Amino acid sequence: MHPGSGNSTYCSSGTDPFFPLDQMDSPPPYEVPPLTVWGIALCVSGTLIATENAIVVTTILATPSLRAPVFLLLASLGLADLLAGVALVLHFLFLFCVEPSDWSELLTSGLLVTSLTASLCSLMGVALDRYLSLSHALTYGSSQSRHRAAILLLLVWLGACIIGAGPAMGWHCLDDPNSCSVARPLTRTYLSLLCGGFLLVVMVTLQLYVGICRVARRHAHAIATQRHFLPANQSYASKHGRGKGFSRLILVLSVFVGCWMPFSLWGLLGDASSPPLYTYATLVPAAGSSLLNPILYSLRNKDIRKVLLQACCPHRYTQNTHIHYPVDV
C-alpha cells in the first residue's frame, strides 16, 4: 500500500511512478480497421465454402454404401475445400477482429497452400478415377482399387501438408521484404515452385480428360456398330446421353482451367512490386473453385443426392443400395 502522498500523485498523474519509462515507451493500442465490402465477401464466401463442403464430407463418411474409390476422392476434395473455407474465415478474423501478427499470416497462408494443393491433386485423382473406370470397367470398384485410392490420398495429403508447412518452417519473406512474391508472406521462389507444380497438375489432368474422350469415343464406336440391333428410341437415348456427357465435360474443364490457370501463371510472372489488385483477381477464382467443386462433382452424383434427399425428406425417399460405380460426377 502506497503512502497517501504517493498515492495521490499516482492517481492525479495517471502514471506509475515506479515504472515511468515503460509506460512512456508502450505502443498505442491496436485499432481494428473498419469493415469493408471485401471483408464481408471474404467472410460470407468462406462460410459458404466450409458449410457446403462439410455437408458433402459428412454425407460420404456417414454412408457405408459410399465407399467406392470415387467417393473417397470426393471426400478428399470436400475436406480440402472445407479447409480452404476455414482459412478464408480465419483470414477475415485476423484482418478485422483481432490484431494481426506474423504467426497469423503464416497460419492462414500455410492452411491455404495445403488446402489448395490437396484440392487440385484431388481433382486430378477424380480425373484419374474417371479414366480407370472407363478403361478398366471390369475391375473398377474392387477392394484392391479402394486400397490403391486410399494410398494415393494418403500420399496426396502428406505432400500437401509438407508443402503447406513451408512458410511456417522458415520459407517466408517476413524478414526480407525484397524476396516477397505477389502473395505475402510467400517468397517468390516458393510461389514459383508452387505455381509450377500447379501447372504440371493441370496439364496432367487435361491429358487424363483427353484419354477419357478417347476411351469414350471407342465405346461409342462399339455401340454404333451394334446400332442396327437396338430399337430406335434406345438409339436416340444413347446419342442424347453422349451429348449431355460431352457438354458436362466441357463445363467441368472450362471451370477447372478458368479457376486455376490465372493464379498459376500470375504467380510465375508477377513479383512484390505488382499491383495487389491483380493478385486478388487471380486468387479469387482459385478460391472460388472450392465453392464450385461440390456442385460440379459431388452434388451431381446420383447416390450422394439420394442420400441428401433421404436425410431431408425421409418419408418421401427410400435409400437404394445400388451404387453407380461408373463415374457420373
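Owing to the predicted nature of the structure, the values given are computational and were not obtained by experimental measurement. (Residues numbered from 1 in each chain as written. Predicted model: local features only at pLDDT ≥ 70, side-chain atom pairs only at ≥ 80, totals over all residues. Heavy atoms only, no water.)

**Student:** Can you explain the state of the cysteines? Please cite residues and give values.
**Tutor:** Each disulfide consists of one covalent bond between the sulfur atoms belonging to two cysteines. Inspection of every chain in the model, using the stated rule, returns 1 disulfide. The disulfide partner of Cys 173 is Cys 180, and the S-S distance across this bridge is 2.0 Å. Taking the torsion about the sulfur-sulfur bond, which here is approximately 95°, the covalent link between Cys 173 and Cys 180 counts as right-handed. For Cys 180, a relative accessible area of 8% gives the class buried. (Disulfide = S-S within 2.5 Å. Buried < 20%, exposed > 50% of the residue type's maximum accessible area, 1.4 Å probe, protein only.)

**Student:** Lay out the packing of aromatic side chains with the relevant residues and their values.
**Tutor:** The relation between two aromatic rings is expressed through the spacing of the ring centres and the mutual angle of the planes. Enumeration over the complete set of coordinates arrives at 5 aromatic pairs. Note on Trp 171 and Tyr 190: the rings are 5.1 Å apart at their centroids and 70° apart in plane angle, and the pair reads as edge-to-face. With Trp 171 in the loop between α6 (143-164) and α7 (188-225) and Tyr 190 in helix α7, the pair connects residues that are 19 residues apart, well separated along the chain. Classification of Trp 171 by relative accessible area gives partly exposed; the value is 37%. (Phe/Tyr/Trp six-rings, centres within 6.5 Å; stacked < 30°, edge-to-face > 60°. Helix = DSSP H or I, 4+ residues; strand = E, 2+ residues; numbered from the N terminus.)

**Student:** Explain the confidence of the model for the protein chain to me, and be specific about the residues and the numbers.
**Tutor:** This prediction gives the protein chain a mean pLDDT of 80; 78% of its residues lie at or above 70. Looking at the elements of the protein chain, mean pLDDT is at its lowest for helix α1 (residues 4-13), recorded as 43, and at its highest for helix α4 (residues 69-96), recorded as 92. Ignoring residues within four places in sequence, the model shows residues 232-241, a span with pLDDT below 50, making 3 contacts including any to other chains. In the model, residues 319-329 has pLDDT below 50 throughout and makes 32 contacts with residues more than four positions away in sequence or in other chains. (pLDDT = per-residue confidence, 0-100. Contact = heavy atoms within 4.5 Å.)

**Student:** Run through unusual backbone geometry, naming residues and quoting values.
**Tutor:** Of note, the amide linkage connecting Arg 184 to Pro 185 takes the cis form, showing an omega dihedral of 10°. Checked against the element boundaries, Pro 185 lands in the loop between α6 and α7.

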